[in-house]
Amino acid sequence: MIKTIVITGPSGSGKTFLANKLSRDLDNSIVIKTDSYYRDDLFIKILSLFINDIYDRLISIKNYKLLKTINSIYNKENNIKVYNYDFKHKKSYTSIIKNINHIKFLIIEGIFAHRINLNNINSINILCRENKEICFQRRIIRDKLERGRNQKEVTSKFRKSWYLFFKHLSRYKRRNLIHEFNPLDQTSYTNLINKIIKYN
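A brief report on the enclosed structure follows. Computed from a predicted structure; not experimentally measured. Sequence order as written defines residue numbering, which begins from 1 separately in each chain. The predicted nature of this model means local features are confined to residues of pLDDT at least 70 and side-chain atom pairs, given and counted, to a pLDDT of 80 or more, with totals for whole chains, interfaces and linings taken over all residues. Excluding hydrogens and water, the side-chain figures rest on all heavy atoms present in the structure.

**So, the packing of aromatic side chains**
Next, step 1: Within 6.5 Å between ring centres, the rings of Phe, Tyr and Trp (the latter by its six-membered ring) count as paired, and their orientation is classed by plane angle as stacked under 30 degrees, edge-to-face over 60, tilted in between. Scanning all chains against the criterion turns up 10 aromatic pairs.
Next, step 2: Between Tyr37 and Tyr83, the aromatic rings sit 5.1 Å apart at their centres with planes inclined by 50 degrees, giving tilted as the arrangement. With Tyr37 in the loop between β2 (29-33) and α2 (42-50) and Tyr83 in strand β3 (residues 79-86), this residue pair connects regions lying 46 residues apart in the sequence. Here Tyr37 matches Tyr83 in class, with each residue buried.
Next, step 3: The residue whose ring lies beneath Lys21 is Tyr189, and the NZ or CZ to ring-centre distance is 4.2 Å. Working definition: helices are DSSP H or I runs of at least four residues, strands are E runs of at least two. Numbering for both runs from the N terminus. Relative accessibility decides the category of a residue: with a 1.4 Å probe and only protein chains considered, values under 20% of the type maximum give buried, values over 50% give exposed, and everything between is partly exposed. Distance and angle both matter: a charge sits over a ring if NZ of Lys or CZ of Arg is within 6 Å of the ring centre and within 35 degrees of the ring normal.

**Let's talk about the pattern of salt bridges**
Next, step 1: One side-chain nitrogen of Lys or Arg within 4 Å of one carboxyl oxygen of Asp or Glu is enough to make a salt bridge. In this structure the tally under the stated criterion is 10 salt bridges.
Next, step 2: A salt bridge links Asp53 to Lys160; its shortest N-O distance comes to 3.9 Å. Of this pair, Asp53 sits in the loop between α2 and α3 (63-74) while Lys160 sits in helix α5 (residues 151-167), and the two are 107 residues apart along the sequence.
Next, step 3: A relative accessible area of 9% means that Asp53 is categorised as buried.
Next, step 4: The network of salt bridges with common partners includes Arg139, Arg142, Asp143 and Arg149.

**Topic: the sheet that holds β2**
Next, step 1: A pair of strands is treated as paired once DSSP finds two or more bridges between them. The strand order across the open sheet built from 5 strands is β2-β5-β1-β6-β7, with neighbouring strands paired in parallel fashion. What marks the edges here is a single partner per strand, and that holds for β2 and β7 (178-181). The mean inter-strand angle of the sheet, taken between neighbouring strand axes irrespective of direction, is 20 degrees.
Next, step 2: Of the strand pairs in this sheet, strand β1 (residues 3-8) and strand β6 (residues 124-128) are connected by 4 bridges, and their pairing is parallel. Bridge pairing links Ile5 to Ile124 in β6. To obtain an axis, a line is fitted to C-alpha atoms, over the contacting stretch when the element is a helix, and the angle between two such axes runs from 0 to 180 degrees between their N-to-C directions.

**Looking at the packing of helix α1 (residues 15-25) against helix α7 (residues 186-199)**
Next, step 1: Between α1 and α7, whose axes approach to 12 Å, the crossing angle comes to 55 degrees. Of the possible angle classes, the one that applies to α1 and α7 is oblique. Classified by chirality, the crossing of α7 by α1 is right-handed. Here Leu18, Lys21, Leu22 and Asp25 of α1 lie close against α7, whose contacting residues are Gln186, Tyr189, Leu192, Ile193 and Ile196.
Next, step 2: Class assignment for the residues of the contact of α1 with α7 results in 6 nonpolar, 1 polar and 2 charged. An angle below 35 degrees is treated as roughly parallel, one above 145 as roughly antiparallel, one from 65 to 115 as roughly perpendicular, and anything else as oblique. It is the rotation of the near helix from the far one that decides the hand of a crossing: anticlockwise by less than a right angle makes it left-handed, clockwise makes it right-handed. The contact criterion used is simple: two residues touch if any of their non-hydrogen atoms lie within 4.5 Å. Here the term charged refers only to Asp, Glu, Lys and Arg, the term nonpolar to Ala, Val, Leu, Ile, Met, Phe, Trp, Tyr, Cys and Pro, and the term polar to all other amino acids, Gly among them.

**Some details on the state of the cysteines**
Next, step 1: Note on terminology: pairs of cysteine sulfur atoms within 2.5 Å are recorded as disulfides. Overall, the coordinates contain 0 disulfides when judged by the stated rule.
Next, step 2: No disulfide involves Cys135; its sulfur sits 9.2 Å from the nearest other cysteine sulfur, which is in Cys128.

**A short note on the nonpolar core**
Next, step 1: Counting residues in each nonpolar core, the largest one holds 34 residues, and the members touching the most others are Tyr38, Ile73, Leu106 and Ile116.
Next, step 2: For this core, the elements supplying multiple residues, two or more each, are β2, α2, α3, β3 and β5 (105-109).
Next, step 3: With residues near it in sequence (within four places) discarded, Ile73 still touches Ile2, Ile30, Ile32, Ile80, Ile100 and Leu106.
Next, step 4: Core analysis: the next-biggest nonpolar cluster, separate from the first, contains 16 residues, Ile5, Leu18, Tyr189 and Leu192 among them. Remark: nonpolar core denotes a set of buried residues (Ala, Val, Leu, Ile, Met, Phe, Trp, Tyr, Cys) joined through side-chain atoms within 4.5 Å.

Here is the structure:
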């Protein structure tokens, strides 16, 4: 049986860093990023002209496609379609992964990871915590290098992203057991690894 690890947190809080670290330390794991499932259709492109923070809202991702990928992994299908998103060109691409019978851990990470239709009671739920200013500085570096944005644009998007993330967090925290910690805290990370192994 595949164990699901859900990693969420505000922008720049270390979600991708933690997901990659867990993937290296946990044998037979696979990482799915909600960022990879951003929509690139005409509808979202038109909406983005009128709603500046559209890509920080759940409507911006291919929720159905994301859930289909996740269910395909659970079912250990032979050919699983996964998505990747080119942020500079706002274009989505697909690829196929095969032979996942060995997979034991599914790691789902992203600012929307806690808002997709999963049974989080049965998953290990992680909330990345970090100082807001540190998150902001990380976001500036990332968006300039990977997404072609200037500092003014990053500042505007970060503020809204931060607000929207915490606006939708309380319901998730009320309904599920959440492990909150800073991904750079090695002691907390070691404890987390031990819990994951124990749960599995």
